[in-house]
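# Structure at a glance
Each chain, written out:
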Amino acid sequence: MKLSLALLIPSAAAFAPSSSARRAAPSTGLRARSDEFVVGILGDLHIDPRKMEDYAVGKSHFAPIFDQAKSDGKGAALVSLGDLGESKNCDHNPESDSELFAGTTQCHEMAADFLGSFGVPYDVVGGNHDLEGLDEFETDAENLEVYLKAHGKDTAHFCREVADKTLLVGLGSTVFRDAVYTSHEVTIDQAQIDWFENLVQTHPAEEGWKVFVFTHAPPNGSGLRVLQENHVVNGCCWLNHSNEKQCQKFIELVREHRCIKAWFSGHFHLGQDYQDSITFPTIDPKEGPYPNRGSCVFAQTSVMRAGTSRDGRQQSRLIRGNKDGFEICTVDHQKDGAIRLDATISFRGDTNEVGVYAHEDESYDHDSYFKVYSPSAGDKLHPPDDGFRRYDSDGNIAPFDIEMDTVAWWYLSCGRALGMLNGNLIEYDSSTLAPLGLVVGADELVGKKIGVINSGLDADTCAMMFDEEEGMEGADCAALAGDLREQAVVLLEPDTGVVTVVQPNEDGSYWRKIVRNKMVRMKEVRRVKAAKMWAADLMGLEDEGEANVVSSWGPYTTTSGTAKKTAVPGLTAPSAL
């Protein structure tokens, strides 16, 4: 009868657990009694208090799973991968018609009620929207405190022993307002990284420990390829995406510590029917190069509510495991909670595991499905893939035409990797060859030629070319080049003959960190709005929308060594072309 009421009247009250159940939610220090365990994994919830039906249905699908596990004496737990509230106004605050629901006190308390109502202990990791209570909180620290309190957490990370020597470990994002670039990057702070490194060091595989990791976004090097294009080009695809050192740290720990057996993430709102939503640590050498992912399986998790799905799927993950291995399953909320086996992973001793897919790839051809081209550098048994471009005898890559379907990639002498993806020039991580971000967009690149040329200059050449350029005299110019061979990535417009040099960033990377912190962007939008109102009033315009307002940004618009001009050609000044 209670289940029937929950389905018919799925209000927030339907999910409210008792106070004792709420307090039982955080991780405990109790020793597990069995080697068998069951873990339910929920992807991005994005709860909208006006649309609770799908959550009630999803919860009902897990009820028999957890009831049976507890009856059998197995360890049972629930993990939420974050992004708990809808990043929209949900008519939740009578005093504001613009406040976003995500990140508010109301959001976290409602999410805690829902997660605490499954009848098993739950843990949660923070996603990129969970500190988005911008109208309610001034700082990330204030927002984080309310998030932690609502979920009975002491820290943004967690550790739970769900079965004998089997740990569930989570790391949560703690930055939104203070993000250096896009606020939707999932950022694990250094204190959590240090804690995690210590945990895997002190729970070695050789002593029988098995660690299952949960984060909102996957780490660079996971090999997951069912991604959203906007996450790839905007620099919020991987954990700590814009911090090169931290971004690489997670896969380095996976490679070093074979106690890490699986890593689950969400973030992309895409389904689990694609084989590329699960990657294994080893593959048959006949199929390709060694993936170098330690002893860890990576798995992407879909969503529960229809309105949050980007490919129509409504699915959650389920782990069923014991001392010999584990199964990764799908709980399909569109098929009455049907459980489908996706992969079986068998332990081969303490430091190795072998995975087998349980079904064929069921990918669909639709716009939301973005399967990233992943370059392969090969290994001792395999050459690089066919897209790899080699340098000619002069040390250049001859210019070639770019179309939307062009497949090509190459290393620069500095070690950076660039390549083509859907007509875009993308930078790839030099170690994992995972996509990092957009360098040149397809709108600017398709129809042109691209090449790589030598640009390093010796003292004599510098003297000849820059004798009138202050600060670039002969020996000084050559010294700036250093011992490393300098190169230039160049674009050629065949019809006009115009050549564009793609300059790297100050740190040597190429991908453009275009999207800034949301707080910064909100202020910029307000400035533009104010300028339109000012212009409309000054010029007597009836509609402020008629005002022609543009923005200009720094810091660099020229290669000149003196700063006398700030105009942007083609925007605030006549075009240079």
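As a reminder, the structure under discussion sits directly above these lines.
Before going into details, it helps to say that this report is about the structure given with it.

The rules behind each value
- Residues numbered from 1 in each chain as written.
- Predicted model: local features only at pLDDT ≥ 70, side-chain atom pairs only at ≥ 80, totals over all residues.
- Heavy atoms only, no water.
- Pairing = 2+ DSSP bridges.
- Helix = DSSP H or I, 4+ residues; strand = E, 2+ residues; numbered from the N terminus.
- Axes fitted to C-alpha atoms, helices over the stretch in contact; angles between N-to-C directions.
- Buried < 20%, exposed > 50% of the residue type's maximum accessible area, 1.4 Å probe, protein only.
- Right-handed = clockwise from strand over helix to strand, strands pointing away.
- Expected span 1.5 Å × (residues − 1).
- Arc of directions from axis to C-beta.
- Contact = heavy atoms within 4.5 Å.
- Polar contact = N/O pair within 3.5 Å; in protein donor to acceptor, adjacent residues only side chain to side chain.
- Parallel < 35°, antiparallel > 145°, perpendicular 65-115°, else oblique.
- Left-handed = near helix turned anticlockwise from the far one by under 90°.
- Nonpolar A, V, L, I, M, F, W, Y, C, P; charged D, E, K, R; others polar.
- Salt bridge = Lys/Arg side-chain N within 4 Å of Asp/Glu carboxyl O.

Now for the sheet that holds strand β22 (residues 487–492). Spatial ordering of the open sheet is given by β16-β21-β22-β23, a layout of 4 strands whose pairing is antiparallel. Edge positions in the sheet fall to β16 (397–401) and β23 (499–502), since each of these pairs with one other strand and no more. Each neighbouring strand pair of the sheet contributes to a mean axis angle of 25 degrees, computed without reference to strand direction. Note: β22 against β23, 4 bridges, orientation antiparallel. In the strand pairing of β23, L491 is matched with T500.

With 5 of its 5 residues buried, strand β5 (residues 166–170) lies for the most part within the structure. Judged by which residues are buried, β5 turns out to be covered on both faces: T166, L168 and G170 on one side and L167 and V169 on the other are all buried. Direction of pairing for strand β4 (residues 158–163) relative to β5: antiparallel, over a ladder of 5 bridges. Bridging across to β5, E161 finds its partner in L167. Two successive antiparallel strands, β4 and β5, enclose a turn made up of 2 residues, where K165 displays a positive phi of approximately 55 degrees. Note on the crossover from β5 through helix α6 (residues 190–202) to strand β6 (residues 210–214): the handedness is right-handed.

To continue, consider the sheet that holds strand β17 (residues 409–411). Hydrogen bonding along the main chain pairs the strands of a sheet, whether they run parallel or antiparallel. Here we have 4 strands laid out as an open sheet, ordered β17-β18-β19-β20, and antiparallel in their pairing. Of all the strands in the sheet, the pair left with one neighbour each is β17 and β20 (435–440). Here the average twist between neighbouring strands, direction ignored, is 25 degrees. Of the pairings in the sheet, the one linking strand β19 (residues 424–428) to β20 comprises 4 bridges and is antiparallel in character. The partner of L425 across the bridge, within β20, is V440.

Moving on, we get to helix α12 (residues 518–539). The end-to-end C-alpha separation of α12 is 31 Å, in line with the 32 Å expected for 22 residues at 1.5 Å each. For α12, every residue scored as buried is listed here: K518, E524, A535 and A536. Relative to the axis of α12, the buried residues are bounded by an arc of 115 degrees and lie together on one face. Opposite the packed face of α12, turned more than 90 degrees from it, sit the exposed residues R527, W534, D537 and L538.

On to the environment of W263. Considering the arrangement of structural elements, one finds W263 in strand β8 (residues 260–265). Judged by relative accessible area, W263 falls into the buried class, the value being 0%. Sequence separation of W263 and S222 is 41 residues, and the distance between their C-alpha atoms is 8.6 Å. W263 has contacts with F196, V213, T215, P219, L239, F250, V254, C296, V297, F298 and A299, leaving out every residue within four places of it along the chain. Polar contacts involving the side chain of W263 include one to the side chain of T215, which spans 2.8 Å.

For the rest of this paragraph, the subject is the side chain of S309. Structurally, S309 can be placed in the loop between β10 (297–300) and β11 (315–322). Residue classification places S309 among the buried positions, given a relative accessible area of 16%. Polar side-chain contacts of S309 include one of 2.9 Å to the backbone nitrogen of G312. Within the local environment of S309, its side chain forms a polar contact with the backbone oxygen of R313, the two atoms lying 2.7 Å apart.

Bringing the packing of α6 against helix α8 (residues 244–256) into the picture now. Close contact between α6 and α8 brings their axes to 11 Å; oriented N to C, the two are set at 15 degrees. Between α6 and α8, the angle is such that the two are roughly parallel. Like other packed secondary-structure pairs, α6 and α8 cross with a definite hand, here left-handed. Packed against α6, whose contacting residues are Q190, I193, F196 and E197, the element α8 presents Q246, K249, F250 and L253 at the interface. Class assignment for the residues of the contact of α6 with α8 results in 4 nonpolar, 2 polar and 2 charged.

Looking now at unusual backbone geometry. What is expected of a backbone is that most residues other than glycine have negative phi and most peptide bonds are trans. Its identity as a non-glycine residue notwithstanding, H46 has a phi of 45 degrees, on the positive side. Despite not being glycine, N240 shows a phi value in the positive range, around 50 degrees. Within the secondary structure, N240 sits in the loop between α7 (229–233) and α8. With relative accessibility at 1%, the residue N240 sits in the buried group.

With that settled, consider the pattern of salt bridges. All chains considered together, the criterion is met by 19 salt bridges. As a salt-bridge pair, R416 and E427 come within 3.3 Å of each other at their nearest N and O atoms. Placement of the pair is R416 in the loop between β17 and β18 (417–421) and E427 in strand β19, with a sequence separation of 11 residues. Accessibility expressed as a relative area gives 1% for E427, which makes it buried. Here K529 ties to E544 by a salt bridge, and the two come within 2.5 Å at their closest N and O atoms.

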